[in-house]
Protein chains: 2
Amino acid sequence: MDDISYFKKILGERGVVQDEEKLDDANTDWMRKYKGSSKLMLQPRTTEEVSQILKYCNSRCLAVVPQGGNTGLVGGSVPVFDELGWIYLFHIPKFLHFMCIFSIFGCHCRICFWCRFIMPLDLGAKGSCQIGGNVSTNAGGLRLIRYGSLHGSVLGLEAVLANGTVLDMLASLRKDNTGYDLKHLFIGSEGSLGIVTKVSILTPPKLSSVNLAFLACEDYASCQKLLLEAKRKLGEILSAFEFLDVNAMNLVLKHLDGLRDPLSSMHNFYVLIETTGSMESHDKEKLEAFLLQSMDSGLVTDGVLAQDINQTSSFWHIREGVPEALMKAGAVYKYDLSLPPEKMYELVEEMRTRLGSAANVVAYGHLGDGNLHLNISAPQYTDSILSKIEPFVYEWTSKHRGSISAEHGLGLMKADKIHYSKSPESVQLMAEIKKLIDPNRILNPYKVLPSSVLSQS
Amino acid sequence: MDDISYFKKILGERGVVQDEEKLDDANTDWMRKYKGSSKLMLQPRTTEEVSQILKYCNSRCLAVVPQGGNTGLVGGSVPVFDELGWIYLFHIPKFLHFMCIFSIFGCHCRICFWCRFIMPLDLGAKGSCQIGGNVSTNAGGLRLIRYGSLHGSVLGLEAVLANGTVLDMLASLRKDNTGYDLKHLFIGSEGSLGIVTKVSILTPPKLSSVNLAFLACEDYASCQKLLLEAKRKLGEILSAFEFLDVNAMNLVLKHLDGLRDPLSSMHNFYVLIETTGSMESHDKEKLEAFLLQSMDSGLVTDGVLAQDINQTSSFWHIREGVPEALMKAGAVYKYDLSLPPEKMYELVEEMRTRLGSAANVVAYGHLGDGNLHLNISAPQYTDSILSKIEPFVYEWTSKHRGSISAEHGLGLMKADKIHYSKSPESVQLMAEIKKLIDPNRILNPYKVLPSSVLSQS
Ligand SMILES: Cc1cc2nc3c(=O)[nH]c(=O)nc-3n(C[C@H](O)[C@H](O)[C@H](O)COP(=O)(O)OP(=O)(O)OC[C@H]3O[C@@H](n4cnc5c(N)ncnc54)[C@H](O)[C@@H]3O)c2cc1C
Ligand SMILES: Cc1cc2nc3c(=O)[nH]c(=O)nc-3n(C[C@H](O)[C@H](O)[C@H](O)COP(=O)(O)OP(=O)(O)OC[C@H]3O[C@@H](n4cnc5c(N)ncnc54)[C@H](O)[C@@H]3O)c2cc1C
């Protein structure tokens, strides 16, 4: 085949993957819910190679699906509807980025760069996801409450457009107001406007004192009040405020090996509160006063402070393990919603009423950011369950002016649901920008925007 | 005139200003350096009015210059080159925005909204500037080091496009990844892509303990080391790190009434360090330990901690008064640069060598963000002085990969200088986006982008 010889000329033999097993892996998403059938995976190793390949694909109208760590949760990174065999998987190797797999942070020497600074982003997928994927999904994660979104902390990036143009927006300055800040178009556009090849990111200094509390609340109202109190009393040292409900806790305890409940009895809700600061004695004093008061007032009914690094990591494992436990439990319908915190759990309860015993409704997420992960776990995917969930969940979210995708993006799963969160005028302008930057629509087809809007002229 | 009757029909008599004195004011920029000659100022009061007027102007190819508080420093808010009389000033009244003049914060009751939360943005122009202008210039200000840029803290906005389309992007959610995040196009585009009519912004809780130190350093290297130490030792409570040199201090003391030097003798550099936290005793302990150590090590040679609200405001007045003092001193060439902090003051010294006794080179700014305000004060504007400054200052900045506009924007002053900070490919894409969104180029002509790029097809 002609295309393949061209790719081999540019990338060498090892940059052109046709091995069935590898392709099968790459064609399957993390949830094993979306399945592509691309016959070819390309692995460029430099920006120049990305540019040459894209230019070629663009001139031949060959579509390309960028893939990083393939941990996305909305089917964005797999090639779908490839009946014609014209979608190529485009695997961006990690070393192309400024930095890549997060768990490089294992080291604690306090001398090297990674020990004096931290990534402002941390998430459950850190072992596999890549910074290019994180930027392209505008990933939120566990510490957004403290360090803000990637729109604030990405200082610059390099992206390659569909026609091969390399866009160097790679400043590492804190401030730069010279013209439109184009990098934001690529943050969160899920590979549909360009391929992110380099990222420069603001890394806050690593502070010496980190504390983690694992707490129990009896009702959702208490979790919410606890959040307000934590923002007020812990103020500048608060670095994470996560929650899970008892259904999530039960799943984790059942499906993940070696995890045990840090508390002696079961509770309706669990909250993880992390503080990060520069002076241990001050932080301990603040946190202990806050906990004492929360116990006294009855907001918190039980709780424990992590005493060492092992306890810290096992508490985090409970929260971060929920997605994996859900995967092990069977089929799972995943919804990632922004909602006013006071409304959030109402939706969960309504969903339970709708589904009855047909499914297990599980709730957890980044409560501090108003971000609920609503998961519906069932023995298998069925139309009858799906029809009870959708469009109800989207309509409900839209009615309360929430977002139908807080942090995972739209991908394939929600491309045609965009109207629930965005006005027609906004969607129209997005489509015009897509057509301006990628007129042949070779980048990640069928994702992010509904095909109907793109095909209007 | 036909246009005027149409405008009066939409806006009523008082929305169409033809009074000479008012027009003269609005035609003149804050620095009294740029002078427009628009014969008409429109004052719409609702989004609907903005939309109707723009639609009309677009259909007739009448240009429009959005103006907020008119405190911008790059000639962006005044109508220039209006030989044809087709540029209309478009004054956006403050009450159109979510909130407007900042000094509303005068109140300290701790009950109302403004006393429990703060604006993440604070700047010397707070008495006059408007939130729409701040967003359109992506203003940085005094607390960016703590609360980040407006790209991080603006949660949503409403903008009206040239053709009158109202773009509702007014979410108030912390997280929303549904499609491209279009609001970022309007943050910092200086009125050239749309008129910002509403803003929703993340307001951090007001913390109870605020401290301010006014310190002296003998050389620039010490200021820089002090910054590193402050980031490390004050960590999460650091909320401002500003500097001015002795030339700036002298100007302030000479030209501003009622200000006196808080220290007993003159020094080469002055640094203001502010901390904001939730517990007074902790913050004081951290700050005092930090100051003691900085004195011991010789980084700081003199200093004083503000003892009450009057001292706090008079210390701030010194730093915030520099632009006003410069205005009173005569002509001033203003440059607002991002540079690697270790290079920053080298430029100031080179500039002094170049200019000799012809001008007074004054330096101050947001050192904590790597943002230098380089000001050259002279009895009057002359070509001979200008030729010694430009293009040297831009070339120097570009060579060190800095930004020729850290926070003020490009406006008229630097529209054709954009290439010093942005790659040709980026400028090209900006021009394409401008042409897509405002094809008749009615919004703020001659600003932000060089006309040469826009006229290419
Ligand atoms: C266990 C688990 C926990 C998670 N926790 C969180 C969380 O807390 N917060 C959160 O926000 N998300 C979370 N996620 C989802 C999250 O979006 C992804 O994990 C991550 O950001 C994607 O990175 P990736 O490299 O795996 O990208 P992929 O899955 O490979 O791709 C994701 C999208 O980005 C595009 N893309 C990838 N690389 C590039 C590139 N270089 N240039 C252009 N486009 C590209 C793809 O086409 C696709 O549309 C979680 C996922 C898992 C499995
Ligand atoms: C004493 C002083 C101190 C300052 N300190 C700082 C500082 O610390 N940090 C900083 O970043 N800046 C600073 N500035 C400059 C700063 O850019 C402006 O003060 C402020 O952000 C502009 O607001 P404004 O309402 O006055 O806008 P204007 O001056 O009226 O307009 C500025 C630009 O925005 C456009 N514009 C205005 N309103 C709208 C709207 N509603 N929709 C679309 N476009 C609009 C105008 O066309 C123009 O291009 C300072 C200025 C002064 C005079």
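Remember, it's a predicted structure, so these values are computed and weren't measured experimentally. Within any chain, residue numbers begin from 1 and follow the written order of that chain's sequence. Chains and ligands are labelled by the order in which they are written, letters from A for the one and numbers from 1 for the other. Restriction of local features to residues with pLDDT of at least 70 applies here, the model being predicted, together with a cutoff of 80 or more for giving and counting side-chain atom pairs; totals for whole chains, interfaces and linings are based on all residues. Hydrogen atoms and water are omitted, and side-chain values are computed over all heavy atoms in the structure.

Participant: An account of the site of ligand 1 is requested, with residue identities and associated values reported.
Facilitator: Residue and element names in this part refer to chain A. The immediate surroundings of ligand 1 are formed by 36 residues, with Pro66, Gly68, Gly69, Thr71 and Gly72 found nearest. Pairs of N or O atoms are called polar contacts if they sit within 3.5 Å, as long as, within protein, a hydrogen donor faces a hydrogen acceptor (for residues adjacent in sequence, only side-chain-to-side-chain pairs). Glycine 76 is positioned with one of its backbone polar atoms (N or O) 3.3 Å from an oxygen atom of ligand 1. At 2.7 Å, a backbone N or O of glycine 140 approaches an oxygen atom of ligand 1. Accessible areas in this description were obtained via Shrake-Rupley with a 1.4 Å probe; residue shielding takes into account the shown protein chains only. Compared with its free state, where it exposes 970 Å², ligand 1 has 97% of that area covered by protein. Strands are runs of DSSP state E lasting at least 2 residues, helices are runs of H or I lasting at least 4, and numbering of each runs from the N terminus. Of all the secondary structure elements, the ones that give two or more residues to the shell around ligand 1 are strand 3 (63-67), helix 5 (131-137) and strand 7 (195-201). Here the shell around ligand 1 gets five residues from one element, more than from any other, and that element is helix 5. All residues other than Ala, Val, Leu, Ile, Met, Phe, Trp, Tyr, Cys, Pro, Asp, Glu, Lys and Arg, Gly among them, are scored as polar; the first ten of these are nonpolar and the last four charged. Residue composition of the shell around ligand 1, by class: eleven nonpolar, 23 polar and two charged. By convention in these notes, a residue is near a molecule or strand provided one of its non-hydrogen atoms lies within 4 Å of it.

Participant: Tell me about the interface of chain A and chain B, and name the residues and values.
Facilitator: Interface size, as often reported, equals the accessible area lost upon joining of the parts. Any two residues having at least one pair of non-hydrogen atoms within 4.5 Å are treated as being in contact. Each partner contributes residues to the interface: chain A has 78 residues there, and chain B has 78 residues. Taken over both partners, the interface formed by chain A and chain B buries close to 6,100 Å², and the fraction arising from carbon and sulfur atoms is 58%. The salt bridge partner of A:Asp176 is B:Lys422, with a shortest N-O separation of 3.6 Å. In this assembly, chain A and chain B are joined by 36 residue pairs in polar contact (both at pLDDT 80 or more). Sorting the residues of the side of chain A that touches chain B by element identifies helix 6 (144-147), helix 7 (150-153), strand 6 (166-169), helix 8 (183-186), helix 9 (220-233), helix 11 (280-296) and helix 17 (424-437) of chain A as the ones contributing at least two each. Counting residues per element, the side of chain A that touches chain B draws most heavily on helix 17 of chain A, which supplies nine residues. Residue classes in the side of chain A that touches chain B are distributed as 27 nonpolar, 30 polar and 21 charged. Buried surface area refers to the total accessible area, computed with a probe of radius 1.4 Å, that the two partners give up upon joining, counted for both partners together. Salt bridge criterion: a side-chain nitrogen from Lys or Arg within 4 Å of a carboxyl oxygen from Asp or Glu.

Participant: Could you give me a rundown of the domain arrangement of chain A, with the residues and numbers involved?
Facilitator: Boundary definitions for the domains trace back to an automatic or database domain assignment. Along its sequence, chain A is carved into domain 1 (2-87), domain 2 (95-201), domain 3 (209-322) and domain 4 (330-418). Between the C-alpha centres of domain 1 of chain A and domain 3 of chain A there is a distance of 42 Å.

Participant: Talk me through helix 16 (residues 392-399) of chain A; I want residue IDs and the actual numbers.
Facilitator: Residues separated by three or four positions in an α-helix point in the same direction, a consequence of the helix having 3.6 residues per turn. All names here are of chain A. Along helix 16, the residues that are buried comprise Phe392, Val393, Tyr394, Trp396 and Thr397. Considering only its buried residues, helix 16 is in contact with strand 12 (331-338), helix 14 (341-355), strand 14 (371-378) and helix 15 (383-389). Positive phi appears at arginine 401, one or two residues downstream of helix 16, with a value of about 50 degrees. Exposed residues in this analysis have more than 50% of their type's maximum accessible area, buried residues have under 20%, and partly exposed residues fall in between, with area computed by a 1.4 Å probe over protein chains only.

Participant: Can you break down the pattern of salt bridges residue by residue, with the values?
Facilitator: Close approach of charged atoms lets side chains of opposite charge pair. Residue and element names in this part refer to chain A. Throughout the structure, instances matching the rule amount to 44 salt bridges over all chains. Between lysine 284 and glutamate 280 there is a salt bridge, and its shortest N-O distance comes to 3.0 Å. Here the residue lysine 284 and the residue glutamate 280 both occupy positions in helix 11, the gap between them amounting to four residues, near one helical turn. On the accessibility criterion, lysine 284 (31% relative accessible area) is partly exposed.

Participant: I'd like a description of the relation of the copies chain A and chain B, backed by residues and values.
Facilitator: What sets the superposition is a least-squares fit of C-alpha atoms, and only residues with pLDDT of at least 70 in both copies go into it. Note on the copies: chain A fits chain B at an RMSD of 0.0 Å, the axial shift is 0.0 Å, and the rotation between them is 180 degrees. Those values place the two copies in the arrangement expected of a two-fold rotation axis. No C-alpha of chain A lies nearer the rotation axis than that of A:Gly152, which sits 2.2 Å from it. Most of the interface of chain A is mirrored in chain B: 100% of its interface residues are interface residues there too.

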